[in-house]
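Observations on the three-dimensional arrangement
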Amino acid sequence: MTFEAEAIDAYDILIMQLAEGWFELDPVLSGWCGRSPDELLAWAGELTVPDGIDPGKVVATLLAMRLLQTRASAEEDLWRAGMLKASEVIARHGISAPGGIAPLKWLEEKLGG
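Attention here is on the structure that accompanies the text.

1. Details of the nonpolar core
- Grouped together as the largest cluster of nonpolar side chains are 37 residues, with contacts concentrated most on Leu 29, Val 58 and Leu 62.
- When residues in this core are grouped by element, the largest group, nine residues, is from helix H4 (residues 55-71).

And the structure:
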């Protein structure tokens, strides 16, 4: 199964979003991409994350954004506001990825496409 293979209801992703815009790294979210929370947390170590920000939340938020784009794309009207909130929290905290690429693009490459 490829990352984009199986549709996910956008509501099932959005219900996991915290008030400030982050998502928490948990087995359900990581399971949707076929990765373990530990593997994703190790990936988070590659990101530049300010002190006081949980790297697990950063990688989980990026993963949720990618899942919404690829596996819930038919429901964009439903998830657009949540995606914007997640994008804003990533930008507001100055999260950056190796090589100067956008964090979401970095995650896409880590996931294999």
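Don't stop here, the text continues.
2. Focus on the pattern of salt bridges
- A full pass over the atoms with the stated rule returns six salt bridges.
- Its salt-bridge partner being Glu 108, residue Arg 66 comes within 3.7 Å of it at the nearest N-O pair. With a gap of 42 residues between them, Arg 66 in helix H4 and Glu 108 in helix H6 (residues 103-110) connect regions that are remote in the sequence. This pair shows no difference in class: Arg 66 is buried, exactly as Glu 108 is.
- In this structure, Arg 80 and Glu 76 form a salt bridge, with 3.7 Å as the shortest nitrogen-oxygen distance. With a gap of four residues between them, Arg 80 and Glu 76 both fall in helix H5 (residues 76-92), about one helical turn apart.
- Accessibility expressed as a relative area gives 43% for Arg 80, which makes it partly exposed.

3. A short note on the side chain of Gln 17
- Residue position: Gln 17 is located in the loop between helix H1 (10-14) and helix H2 (27-31).
- Within the structure, the side chain of Gln 17 is placed 3.0 Å from the backbone oxygen of Gly 21, a separation counted as a polar contact.
- Of the polar contacts made by the side chain of Gln 17, one reaches the backbone oxygen of Gly 82; its length is 3.0 Å.
- Those residues in contact with Gln 17, other than ones at most four positions away along the chain, are Trp 22, Phe 23, Gly 82, Lys 85 and Ala 86.

4. Remarks on the packing of H4 against H5
- At their nearest, the axes of H4 and H5 sit 10 Å apart, and the two run at 150° to each other. Relative to H5, H4 is oriented so that their crossing is left-handed. Residues Val 58, Thr 61, Leu 62, Met 65, Leu 68 and Gln 69 of H4 pack against Trp 79, Met 83, Ala 86, Ser 87 and Ile 90 of H5.
- Split into classes, the residues belonging to the contact of H4 with H5 amount to eight nonpolar, three polar and no charged.

What counts and what doesn't
Residues numbered from 1 in each chain as written. Predicted model: local features only at pLDDT ≥ 70, side-chain atom pairs only at ≥ 80, totals over all residues. Heavy atoms only, no water. Core = buried A, V, L, I, M, F, W, Y, C linked by side-chain atoms within 4.5 Å. Buried < 20%, exposed > 50% of the residue type's maximum accessible area, 1.4 Å probe, protein only. Helix = DSSP H or I, 4+ residues; strand = E, 2+ residues; numbered from the N terminus. Salt bridge = Lys/Arg side-chain N within 4 Å of Asp/Glu carboxyl O. Polar contact = N/O pair within 3.5 Å; in protein donor to acceptor, adjacent residues only side chain to side chain. Contact = heavy atoms within 4.5 Å. Axes fitted to C-alpha atoms, helices over the stretch in contact; angles between N-to-C directions. Left-handed = near helix turned anticlockwise from the far one by under 90°. Nonpolar A, V, L, I, M, F, W, Y, C, P; charged D, E, K, R; others polar.

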